[in-house]
Amino acid sequence: MSTPDQKQNESLMEARKQRLLQQQQQIEQLRIRMGKIKHKIAVISGKGGVGKSTVTVNLAAAFAKKGYAVGVLDADIHGPSVPKLLGLTGQQVKTGPPGAFPVTGPLGMKVMSIDFFLPEDVPTIWRGPLKMGAIRQFLQEIVWGDLDILFIDLPPGTGDEPLTIAQFLPEMDGVVIVTMPNELSSTIVKKAITFALRLNMPILGVVENMSGFICPHCGQKTDIFPAGSGRKMAEEAGVAFLGSIPIDPKVGIDTDKGKPFVIEHADSAAAKAFAEVIEKVESHLKDREQKQTPKA
Ligand SMILES: Nc1ncnc2c1ncn2[C@@H]1O[C@H](COP(=O)(O)OP(=O)(O)OP(=O)(O)O)[C@@H](O)[C@H]1O
Ligand SMILES: [Mg+2]
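> What's the story with the pairing of strand 1 (residues 37–44) in this structure? I'm lost.
Two faces, one strand: in a regular strand the side chains alternate between the faces of the sheet. A large share of strand 1 lies buried, amounting to 7 of its 8 residues. In the sheet, strand 1 pairs with strand 7 (residues 147–153) via 6 bridges, with the strands oriented parallel. Residue Val-43 lies in a different strand from strand 7, and its bridge partner there is Asp-153. Note that strand 1 and strand 8 (residues 174–179) share 4 bridges and pair parallel. Bridged to Val-43 within strand 8 is Val-176.

Given below as structure tokens:
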């Protein structure tokens, strides 16, 4: 017969065993779900408001337009903007026996955001562990299905959200770093480069957004901020420079309408400049696929 102490020990052991089993099942589910997605690319920047979300949804839309099966994960828990940028505000997540399904956006993009679970104007007042849990669930429990690329939009800074992505997606293709052409942004965005390097996240390259303004009337370019610091930063860090995007009023208009500018204004200055970024990211993905294909 067991003593009360032994019984307590046994039940503690049993609870621990169950927890470990549950963790193993979660890791396995994450492996299976993420194994169906060929490429994962996160968009980061130390700085806020530089255009990370704009770059994320336009990269996603450009690849979807090319015929890739694309997903977008909004990993910005406090300031989710992907639903608004893709005209999906107010959409509901559908669930079924295999789990919750992402919302289908323009060009068939599969989209997930904390915003789909919250009433409008309700903020997420969460500390680190809750945010990490939500991102883990987005990766592991959402039925993403087979995708070519999952683009992940991250909040500014080098905190819980990018750390969680680095932890759960060690196989990811890499990060796109977005900056603006001024010293203040450069100083902070450099930290994001160091962050990615320390966490062994490959860096696909740097995008300089809001790089000059091309006058729609005379076609002259005005450097509202002194352009070029993004390229300089990339050179100094020894990473690729993916391209610059000018300030374009059409981007702001499309943002408010929830339409990616690469689709809505494919002939705009921003879309033309963005083509270089898309091309470089695509060639990176193709290189990576070639390296992964076993030689006959
Ligand atoms: N090239 C551009 N031309 C004009 N407006 C732009 C451009 N890039 C971004 N914007 C505008 O700047 C604002 C901020 O962009 P966005 O939300 O993408 O930045 P963010 O870095 O994701 O911000 P946060 O740090 O809050 O997540 C948006 O209103 C967007 O429409
Ligand atoms: Mg954003």
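> Help me understand the pattern of salt bridges, please; the structure alone is not making it clear to me.
Between side chains of opposite charge, a pair can form as their charged atoms come close. Taken as a whole and assessed by the stated rule, the structure comprises 14 salt bridges. A salt bridge links Lys-38 to Asp-148; the nearest nitrogen and oxygen atoms lie 3.1 Å apart. Taken together, the residues span a long stretch of sequence, with Lys-38 in strand 1 and Asp-148 in strand 7 at a distance of 110 residues. Classification of Asp-148 as buried rests on a relative accessible area of 18%. A salt bridge links Asp-173 to Arg-288, with the nearest nitrogen and oxygen atoms 2.9 Å apart.

> I'm lost on the site of ligand 1 in this one. Help?
Close contacts around ligand 1 come from 17 residues, with Gly-49, Lys-52, Ser-53, Thr-54 and Thr-255 the closest. Measuring from an oxygen atom of ligand 1, one finds a side-chain N or O atom of Ser-53 at 2.9 Å. Take Asp-248: an N or O atom from its main chain is 3.0 Å from a nitrogen atom of ligand 1. Relative to its free-state accessible area of 640 Å², ligand 1 is covered by the protein chains to the extent of 75%. Secondary structure elements with two or more residues in the shell around ligand 1: helix 2 (52–65) and helix 8 (249–257). Residue classes in the shell around ligand 1 are distributed as 7 nonpolar, 7 polar and 3 charged.

> Explanation requested: the sheet that holds strand 6 (residues 110–112) in the structure shown.
By definition, the strands of a sheet pair up through backbone hydrogen bonds, in either a parallel or an antiparallel sense. Strand order across the open sheet formed by 8 strands is 5-6-2-7-1-8-9-12, with mixed pairing between neighbours. Taken across any chain shown, the strands that pair with only one partner, and hence form the sheet edges, are strand 5 (103–104) and strand 12 (241–244). Taken together, the 5 bridges between strand 2 (residues 70–74) and strand 7 define a ladder with parallel strand orientation. The residue bridging Leu-73 from the neighbouring strand is Ile-152, located in strand 7. The strands touched by helix 2 are strand 1, strand 2, strand 7 and strand 8; relative to strand 7, the strand with the most contacts, the crossing angle is about 170 degrees.

What counts, and where the lines are drawn
- Sequence order sets the numbering: in each chain, residues are counted from 1 along the sequence as written.
- By the order in which they are written, chains take letters starting at A while ligands take numbers starting at 1.
- A pLDDT threshold of at least 70 governs which residues receive local features in this predicted model, and a stricter bar of 80 or more applies before side-chain atom pairs are shown or counted, although totals over entire chains, interfaces and linings include all residues.
- Excluding hydrogens and water, the side-chain figures rest on all heavy atoms present in the structure.
- Categorising residues by exposure relies on relative accessible area from a 1.4 Å probe, with only protein chains included: less than 20% of the type maximum marks a residue as buried, more than 50% marks it as exposed, and the intermediate range marks it as partly exposed.
- Think of it this way: any DSSP run of H or I at least four residues long counts as a helix, any run of E at least two long counts as a strand, and we number them from the N terminus.
- Whether two strands pair depends on DSSP finding at least two bridges between them.
- Salt bridge, as used here, is a side-chain nitrogen of Lys or Arg placed within 4 Å of a carboxyl oxygen of Asp or Glu.
- Residue proximity to a molecule or strand is established when one non-hydrogen atom of the residue lies within 4 Å of it.
- What qualifies as a polar contact is a pair of N or O atoms within 3.5 Å, subject to a donor-acceptor requirement within protein and to the restriction that residues adjacent in sequence count only when both atoms come from side chains.
- In short, Shrake-Rupley with a 1.4 Å probe defines the accessible areas, and a residue's cover is counted only from the protein chains shown.
- Ten residues, namely Ala, Val, Leu, Ile, Met, Phe, Trp, Tyr, Cys and Pro, are considered nonpolar, four, namely Asp, Glu, Lys and Arg, are considered charged, and the remaining ones, Gly among them, are considered polar.
- Between two residues, a contact is recorded if the distance between any of their heavy atoms is within 4.5 Å.
- Think of each axis as a best-fit line through the C-alpha atoms, taken over the contacting stretch in the case of a helix, with angles from 0 to 180 degrees between the N-to-C directions.

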